[in-house]
Amino acid sequence: MEAGSATARGHMGWRLWALVPVLLLALAVGVVVTSGSALVDLVGTNPPPADEFDIRRVEFSPAEIRITVRNPQPDDLTIANVNVDDAIVPFTVDGPTTLGRLRSSTIVVPYDWVPDDPITVGVTSSTGIQTVKEIPAATETPVPSVSGFFGYAVIGALVGILPVALGLLWLPALRQASGAWLSAFMALTAGLLAFLGVSALAEAFELQAALPSALGGTGLVLLGVALSFLGMTALAGRLSGGSAATGLALALLVAIGIGLHNLGEGLAIGASFALGELQLGTFLIVGFMIHNVTEGLGIATPLAKTRVTILTLVGLALVAGAPTILGAWIGGYASSDVLGALFFAIAAGAAFQVVVEVGRYVARNAPGGLRSGYAIGGFLAGLTAMYLTGILAG
Amino acid sequence: MGKLALDAQADTGGHDHSNHSHTRVPASHVQGAIGHAAMVGDEAPAVGGPNDLDALLYPPLALPYEPGRVREYTLTATDVELEVAPGVFFPAWVYNGTAPGPVIRATEGDTLRVRFVNAGQHPHTIHFHGIHPTKMDGVFEIVDVGGEFTYEFEARPAGFHLYHCHATPLKKHIQKGLYGAFIIDPEEPRSAAKELVMVMNGFDTDGDGENNFYTVNGRSFYYARYPIRVKRSELVRVYLANLTELDLINSFHLHADFFRYQPTGTGESWEYTDTVMQCQGQRGVLEIQFAGTGLHMFHAHQSEFAELGWMGFFEVVD
């Protein structure tokens with residue numbers, strides 16, 4: 001008993017001692033904060049703040065423009081004047097006029113804008129600094145509506161679910177293929193997932209770079225990648241009971257990886273369309289369809305040696321394809337660059353994890369392992385197929 | 001602004017004052033009124049109260065010719081934050097607290113003695129337009145921070161002139177607000193009139209080389225919010241000068257009437273028009289005899305300048 005309580009006290013002591021650096025840090029922070037500018041004065045004077053707004057969103061409705069601005073700097077920023085096409089306009093502010101760090105407000109401007117014409121909005125701070133945003137073509141911002149929701153769902157199904165489902169129909173053919181060729185197709189799956197992972201990562205970095213430095217940063221992307229990679233690793237372990245994933249478990253992992261990517265893809269399509277930056281034409285939809293049909297092949301290949309029901313296949317197609325619809329909804333009606341960067345990072349992490357899983361499978365099952373011509377050729381064929389079909393969707 | 005609303009009503013033929021009086025709703029807030037031709041009264045975004053710019057708008061009275069008279073002025077240069085549009089502050093350099101500076105007026109033949117005190121943070125001068133000895137030209141005697149200099153010369157020729165800082169970099173010193181109007185009345189006085197001074201200028205508040213606001217006498221949309229009240233029966237004389245930096249020209253356009261224009265306020269050549277154009281540093285005298293009552297708009301005929309603050313109204317009453 002004596003020894004036990006001594007150990008407990010020891011544990012408590014360890015925790016108390018751990019607090020010491022934290023308390024000292026708090027003290028040091030307090031001293032620096034209360035010293036005001038004295039510290040900076042030793043080395044010189046600070047440049048004035050940029051006083052530029054971050055114009056996050058410009059929405060157009062009949063006879064009205066709504067401009068959402070954020071204060072990206074540490075100092076307060078006051079909305080003093082609003083211009084549209086280089087003319088001062090009357091406005092009201094929905095939210096505070098003086099914005100604290102990272103706070104947002106929406107400026108409402110009654111304005112008879114001309115559809116399809118380029119338009120420039122400018123927001124001037126009390127220090128006279130004007131932040132300008134150019135909109136290439138003014139178009140009415142979609143508002144949530146039944147037909148809009150349905151439209152995004154149909155588009156999402158066309159570019160997400162349909163091609164994956166069609167790709168799954170390669171399953172009967174795959175069942176006839178030899179083991180070596182199956183390994184080649186698995187390597188191809190790894191290739192296409194690697195391609196999706198890299199493109200998602202690039203997208204995530206691009207989005208975070210456009211964010212105010214306080215919210216962006218590569219850390220945000222790394223966090224998303226790590227989160228999904230580790231999450232997928234845990235999921236893979238659970239699905240396959242600790243051993244390397246095969247059959248349906250592997251197919252499900254591939255489907256999840258592709259699904260997370262398609263969530264980002266849907267988000268990008270929805271957001272770009274809502275912001276008037278994307279012409280959602282037949283060509284683009286067809287391009288995405290062709291691009292995504294290879295994804296179905298990737299899900300079908302691990303199932304070549306497994307008995308599955310039609311219902312399972314439908315489920316896999318939905319896991320991989322349906323997130324496109326969800327993404328399009330989010331992007332179309334509630335786009336946020338922070339969310340976008342995070343989603344793409346999550347997609348990248350998941351894709352890379354599935355590449356690892358598939359790689360393990362190929363290493364074990366391909367005659368000659370990862371060094372075989374089937375594995376190398378398949379992987380490169382996967383990358384090439386995605387690159388070439390990607391030109392259509394680009 | 002109730003008074004203004006009533007006059008606007010009268011103009012459109014409506015004499016039913018009971019319905020609309022004293023509750024002016026900005027046109028932008030009225031359903032279907034978007035695209036209103038102009039902001040006027042309360043909805044015009046201008047700084048300050050009704051008579052804030054009177055000292056700049058109404059020049060000192062002209063004195064009759066008197067040989068040997070000395071006119072003395074003191075101008076002090078300071079650095080100030082000018083509110084040029086509601087809530088927008090411009091770090092300006094000014095003579096006597098405003099941009100443009102005070103109106104300097106003398107009669108031809110007067111001796112002008114202008115004491116200049118530099119209480120700003122940079123070296124400055126005053127360069128007067130007109131005929132004077134070169135050592136009084138405000139170019140060679142740079143007045144250092146804390147220093148002072150007295151310019152003394154005979155006021156001539158009669159006309160409408162300017163003064164501005166001539167320290168380098170010249171563009172910066174003018175753009176910052178160091179300029180003003182300078183009237184020299186002729187020996188033979190001009191006819192009696194309601195006299196106004198309008199100095200056209202601009203403010204590049206974010207330093208990108210383009211003006212963000214355009215004004216007359218220093219505040220954007222000021223005379224749209226507070227129209228200049230004149231009587232139909234009187235002659236209105238406007239001393240108009242262009243001290244806009246960064247843009248080559250500025251202009252003045254009067255609505256619903258015409259005026260006579262005398263370039264530089266000198267000579268016998270008058271133009272009858274409703275629009276005049278002035279290069280940087282150009283100026284002239286306008287004489288208007290309003291034919292009708294009501295709100296007469298005036299603005300730069302460069303639409304961009306007009307929509308960035310250079311727009312106002314004469315409210316002509318009987």
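Residues numbered from 1 in each chain as written. Chains lettered and ligands numbered in written order. Predicted model: local features only at pLDDT ≥ 70, side-chain atom pairs only at ≥ 80, totals over all residues.

## Digging into the sheet that holds strand β1 (residues 54-61) of chain A
Residue and element names in this part refer to chain A. Strand order in the open sheet made by the four strands is β1-β2-β7-β5, with antiparallel pairing throughout. In this open sheet, the two edge strands, each paired with only one partner strand, are β1 and β5 (92-94). Taken over all neighbouring pairs, the strand axes of this sheet differ in orientation by 25 degrees on average, direction set aside. Note that strand β2 (residues 64-70) and strand β7 (residues 104-110) share seven bridges and pair antiparallel. (Pairing = 2+ DSSP bridges. Helix = DSSP H or I, 4+ residues; strand = E, 2+ residues; numbered from the N terminus. Axes fitted to C-alpha atoms, helices over the stretch in contact; angles between N-to-C directions.)

## Focus: the interface of chain B and chain A
Counting residues at the interface gives 21 residues for chain B, matched by 17 residues for chain A. For the side of chain B that touches chain A, the secondary structure elements donating two or more residues are β2 (88-95) and α6 (303-307) of chain B. The dominant element in the side of chain B that touches chain A, judged by the number of residues it contributes, is β2 of chain B, at three residues. Residue classes in the side of chain B that touches chain A are distributed as ten nonpolar, seven polar and four charged. (Contact = placed C-beta atoms within 7 Å. Nonpolar A, V, L, I, M, F, W, Y, C, P; charged D, E, K, R; others polar.)

## A short note on the sheet that holds strand β16 (residues 275-279) of chain B
All names here are of chain B. The strand order across the open sheet built from five strands is β11-β19-β18-β13-β16, with neighbouring strands paired in mixed fashion. Unpaired on one side and paired on the other, β11 (228-231) and β16 mark the two borders of the sheet. The sheet shows a mean angle of 25 degrees between the axes of neighbouring strands, direction not considered. Where strand β18 (residues 294-299) and strand β19 (residues 311-317) come together, six bridges link them in antiparallel fashion. Bridge pairing in β19 links L295 to E315.

## A few points about the domain arrangement of chain B
Residue and element names in this part refer to chain B. Each assigned domain of chain B is listed with its residue range as follows: domain 1 (41-52 + 191-317) and domain 2 (62-185). Counting from both sides, the interface comprises 28 residues of domain 1 and, opposite them, 24 residues of domain 2. Sorting the residues of the side of domain 1 that touches domain 2 by element identifies β9 (194-203), β10 (213-216), β12 (236-242) and β17 (283-288) as the ones contributing at least two each. Here the element with the most residues in the side of domain 1 that touches domain 2 is β9; it accounts for four residues. The residue inventory of the side of domain 1 that touches domain 2, partitioned by class, reads twelve nonpolar, twelve polar and four charged. (Domains from an automatic or database assignment.)

## Quick word on the domain arrangement of chain A
Entries for chain A in the domain assignment read domain 1 (54-135) and domain 2 (146-393). Computed over C-alpha atoms only, the centres of domain 1 of chain A and domain 2 of chain A are separated by 38 Å.

## Examining the confidence of the model for chain B
Residue and element names in this part refer to chain B. For chain B, mean pLDDT is 89; residues scoring 70 or higher make up 88% of the total. For residues 1-36, every residue scores under 50 in pLDDT, and the model assigns this stretch 44 contacts once sequence neighbours within four places are set aside. Interface confidence for the predicted complex, expressed as ipTM, amounts to 0.82; the pTM equals 0.79. (pLDDT = per-residue confidence, 0-100.)

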